[in-house]
Amino acid sequence: MASRTTQILEAAARLIARRGVRGLRVEELAAEAGVSTGLIYYHFKDRTGILRHTLEFINDRAERYTTDRATDAEPLSPRAELDETLLLELQDTQVVRENSTAWGELRASAVFDEVLREDLARATLVWVQEVAALLGQVQPTAPAPALAAAAERLTALLEGLSMRWLSGGLRIDHARELMRGAVDAELALLREK
């Protein structure tokens, strides 16, 4: 059984994905999580605390579904690991749909919320650095600024493709094909550096 905190964060991610950040009400969150509002305030202090912890929760969950592999699985080549890490953000599962939608809602709300904007900027920076490190494993002679720029472009594109797919503007197979093409293009640019 999940801890109470995890239950609340799972419920918060579901509600943010369904109703957006502005639609998140503590009473509804309590009902969705099956806990009291007092327990939510005990764990998270206020609405900002709920949002901050939910952002951290969806980042951790994304880290798990993009990097977890069976212990007996063959190690991936650096390129295969890069592709898999990015493409696993474009899989048609409830968890990925929920995570990606909640991330998009949190990003949209950060436009008007300075605290959330700072948290989201930090989380995005970590993601960009992780992708830059993967690119560096594929193209180890590329300079660090070029790796960072390529990672920035790839993560921004992935967010856009994800939102188009989730909103019905793009088929998932086409989104994945576009992402693979972008990785090929970025690696070709890095080889020229």
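Scroll up to find the structure.
Reading guide: rules and limits
Residues numbered from 1 in each chain as written. Predicted model: local features only at pLDDT ≥ 70, side-chain atom pairs only at ≥ 80, totals over all residues. Heavy atoms only, no water. 1 Å grid on protein atoms, 1.4 Å probe; cavity = no way out; pocket = protein on both sides within 12 Å on 5 of 7 lines; lining within 4 Å. Points joined across faces, edges and corners; volume = space filled by probe spheres on them. Helix = DSSP H or I, 4+ residues; strand = E, 2+ residues; numbered from the N terminus. Nonpolar A, V, L, I, M, F, W, Y, C, P; charged D, E, K, R; others polar. Axes fitted to C-alpha atoms, helices over the stretch in contact; angles between N-to-C directions. Parallel < 35°, antiparallel > 145°, perpendicular 65-115°, else oblique. Left-handed = near helix turned anticlockwise from the far one by under 90°. Contact = heavy atoms within 4.5 Å. Core = buried A, V, L, I, M, F, W, Y, C linked by side-chain atoms within 4.5 Å. Buried < 20%, exposed > 50% of the residue type's maximum accessible area, 1.4 Å probe, protein only. Patch = residues over 30% accessible without salt bridge, like charges linked within 9 Å, V, L, I, M, F, W, Y side chains within 5 Å. Areas by Shrake-Rupley, 256 points an atom, 1.4 Å probe, with all protein chains shown as cover. Salt bridge = Lys/Arg side-chain N within 4 Å of Asp/Glu carboxyl O. Lys, Arg positive; Asp, Glu negative; His and termini not counted. Charge placed at Lys NZ, Arg CZ, Asp CG, Glu CD. Arc of directions from axis to C-beta.

> Is there a simple way to think about the layout of surface pockets in this case?
Here the largest pocket is characterised by a volume of approximately 660 Å³. Along its surface, the largest pocket is lined by 32 residues, and Asn59, Ala62, Glu89, Trp103 and Trp127 are the ones closest to its centre. Listing elements by their share of the lining of the largest pocket, those giving two or more residues are α4 (47–67), α5 (78–87), α6 (94–110), α7 (114–138) and α8 (144–166). Sort the elements by how many residues they give to the lining of the largest pocket and α4 lands first, with 11 residues. Its residues assigned to classes, the lining of the largest pocket comprises 13 nonpolar, 8 polar and 11 charged.

> Please explain the packing of helix α1 (residues 4–19) against helix α2 (residues 26–33) as it appears in this structure.
For any two helices packed against each other, the geometry is given by the interaxial angle and the distance between the axes. In the contact formed by α1 and α2, the axes pass within 9 Å of each other and the chain directions differ by 120°. On the basis of their axis angle, the class for α1 and α2 is oblique. Judged by the sense of rotation from one axis to the other, the crossing of α1 with α2 is right-handed. Contacts between α1 and α2 involve Gln7, Ile8, Ala11, Ala12, Arg14, Leu15, Arg18 and Arg19 from the former and Glu28, Leu29, Glu32 and Ala33 from the latter. Among the residues forming the contact of α1 with α2, the class breakdown is 6 nonpolar, 1 polar and 5 charged.

> So what exactly am I meant to see when it comes to the nonpolar core here?
The nonpolar side chains of a soluble globular protein tend to be buried, and buried together. Ranked by internal contacts, the top residues of the largest apolar core, which has 29 residues, are Leu29, Ile40, Ile50, Ile58 and Leu106. Elements supplying a minimum of two residues to this core: α1, α2, α3 (37–44), α4, α6 and α7. If one sorts the elements of this core by residue count, α1 sits on top with 8 residues. Every residue in contact with Leu29, bar those within four places of it in the chain, is listed here: Ile8, Ala11, Ala12, Leu15, Leu24, Ile40 and Ile50. With 26 residues, the next largest nonpolar core counts Leu87, Val131, Ala175 and Leu190 among its residues.

> Explain the environment of Gly20 here, please?
Secondary-structure assignment places Gly20 in the loop between α1 and α2. For Gly20, a relative accessible area of 4% puts it in the buried group. For the pair Gly20 and Gly136, spaced 116 residues apart in sequence, the C-alpha separation works out to 36 Å. Setting aside its immediate chain neighbours within four residues, Gly20 contacts Leu15 and Glu105.

> Hey, could you run me through α5 in this one?
In an α-helix, one full turn covers 3.6 residues, which means residues spaced three or four apart are oriented alike. Of all the positions in α5, only Leu82, Asp83, Thr85, Leu86 and Leu87 are classed as buried. Among the structural elements, α4, α7, α8 and α9 (172–192) are those in contact with the buried residues of α5.

> I'm lost on a negative patch on the surface in this one. Help?
There is a patch of like negative charges on the surface, built from Glu56, Asp60, Glu63, Asp68 and Glu130. By the element assignment, Glu63 lies in helix α4. Classification of Glu63 by relative accessible area gives partly exposed; the value is 34%.

> How should α2 be read in this particular structure?
Among the residues of α2, those classed as buried are Val26, Leu29, Ala30 and Ala33. Buried residues of α2, seen end-on, are gathered within an arc of 100° and therefore sit on one face of the element. Exposed and facing more than 90 degrees away from the buried side of α2 are Glu27 and Ala31. Elements that come into contact with the buried residues of α2 comprise α1, α3 and α4. Positive phi appears at Gly34, one or two residues downstream of α2, with a value of about 75°.

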